[in-house]
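# Breakdown of the fold
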Amino acid sequence: MGDRHGTSIPISRVAPLPRPPTECFARCADAFGSTLAREEAFPDQEWITRLAVGAASSLDLPLVAEESGRAVGLAWVRIDADDLATATLYQVWVHPEFRWLGIGKSLLASALAWAEGAGAATMVLSVACGPDSALEFYRHAGFVEAGKPGQLRPDSGLMQQPMRRSI
Ligand SMILES: CC(C)(COP(=O)(O)OP(=O)(O)OC[C@H]1O[C@@H](n2cnc3c(N)ncnc32)[C@H](O)[C@@H]1OP(=O)(O)O)[C@@H](O)C(=O)NCCC(=O)NCCS
């Protein structure tokens, strides 16, 4: 278990990651611009294929924080082949029972270190706005708003805020 000043939970590149826990989407579907129904509809093979492709790609970094063999934190970084200077951060999630322990910060640090090593100069992301927004978490990590919020999904009333930081 981690502590308040830095987690001891190992963070590693995954190959392949098990299917993200359902509660990840049940609680945070809006944070990811997805829906629980859409994510649950994917057969396991779809996840296995997605993650195997990501794990094998030099332009992707799927990350997992593990506690006793259980995924308690996830993140995914991708560098677009058409823009090698920009890394995009997706799907940062920490299990509710493991929040405020430094796991999110460790995932972010691993993501930034990998992106820097891969030659990216900027990291970008979009964060859902609203009461449970992770906006402050990212501000705390040096990200700043980059432009105006846009609609999260065509069928959602929520907005998402683009953010960026130099690496
Ligand atoms: C956002 C999230 C990933 C943070 O993970 P976490 O492991 O709890 O964060 P950490 O414990 O590493 O916190 C790192 C720092 O950010 C701060 N922080 C964390 N969550 C915060 C929040 N919601 N608001 C303000 N500050 C926050 C912490 O106080 C800590 O500060 P410190 O460095 O001074 O100690 C987690 O709350 C989560 O999974 N939320 C739901 C999914 C989500 O919204 N994901 C983002 C989609 S873009």
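Small disclaimer: the values here were computed from a predicted structure and weren't measured.

### Quick word on the overall build of the chain
When its secondary structure is counted, the chain shows five helices and eight strands. Mapped in sequence order, the helices and strands of the chain form the string β-α-α-α-β-β-β-α-β-α-β-β-β. Of all 167 residues assigned to the chain, the portion counted as buried reaches 31%. Taking contacts inside the chain between residues at least 6 apart in sequence as the whole, the part at least 24 apart equals 61%.

### Structural notes on the site of the ligand
Contacts to the ligand come from 18 residues, most closely from Arg99, Gly104, Lys105, Ala134 and Glu136. Of all elements in the fold, only β4 (86-94), α4 (103-117), β5 (122-128) and α5 (135-140) reach the threshold of two or more residues within the shell around the ligand. Taken together, the residues of the shell around the ligand sort by class into 12 nonpolar, three polar and three charged.

### Side note on the pairing of strand β2 (residues 60-67)
Strand direction decides the pairing type here: β2 and strand β3 (residues 70-79), joined by eight bridges, are antiparallel. Bridge pairing links Leu63 to Ala75 in β3. In sequence, β2 turns back onto β3 through a hairpin of two residues, with Ser68 there showing a positive phi of about 50 degrees.

### Quick word on the pairing of β5
Counting buried positions over the seven residues of β5 gives five, a clear majority of the element. Two elements, β4 and β5, share three bridges in a ladder whose sense is parallel. Its bridge partner being in β5, Thr86 is matched across the sheet by Thr122. Between β4 and its parallel partner β5, the chain crosses via α4, and the hand of that crossover is right-handed. As paired strands, β5 and strand β8 (residues 159-166) are joined by seven bridges and run antiparallel to one another. Along β8, the bridge assignment pairs Val124 with Arg164.

### Considerations on unusual backbone geometry
Not every positive phi belongs to a glycine, and Gln91 is a case in point at roughly 50 degrees. Considering the arrangement of structural elements, one finds Gln91 in strand β4. Despite not being glycine, Trp100 has its phi angle at roughly 65 degrees, a positive value. By the element assignment, Trp100 lies in the loop between β4 and α4. Classification of Trp100 by C-beta neighbours within 10 Å gives exposed; the count is 10.

### Concerning the environment of Val144
Inspection of the secondary structure puts Val144 in strand β6 (residues 144-145). Given 10 C-beta atoms within a 10 Å radius, Val144 is considered exposed.

### What to know about the nonpolar core
Within the largest apolar cluster, 31 residues are counted, with the highest numbers of intra-cluster contacts made by Leu63, Ala75, Val77, Leu89, Leu107 and Ala111. If you list the elements that add at least two residues to this core, you get β2, β3, β4, α4 and β5. Per-element accounting of this core gives the leading share, six residues, to β3.

Procedures and definitions
- Residues numbered from 1 in each chain as written.
- Predicted model: local features only at pLDDT ≥ 70, side-chain atom pairs only at ≥ 80, totals over all residues.
- Helix = DSSP H or I, 4+ residues; strand = E, 2+ residues; numbered from the N terminus.
- Buried ≥ 20, exposed ≤ 12 C-beta atoms within 10 Å, placed from the backbone.
- Contact = placed C-beta atoms within 7 Å.
- Near = placed C-beta within 6 Å.
- Nonpolar A, V, L, I, M, F, W, Y, C, P; charged D, E, K, R; others polar.
- Pairing = 2+ DSSP bridges.
- Right-handed = clockwise from strand over helix to strand, strands pointing away.
- Core = buried A, V, L, I, M, F, W, Y, C linked by C-beta atoms within 7 Å.

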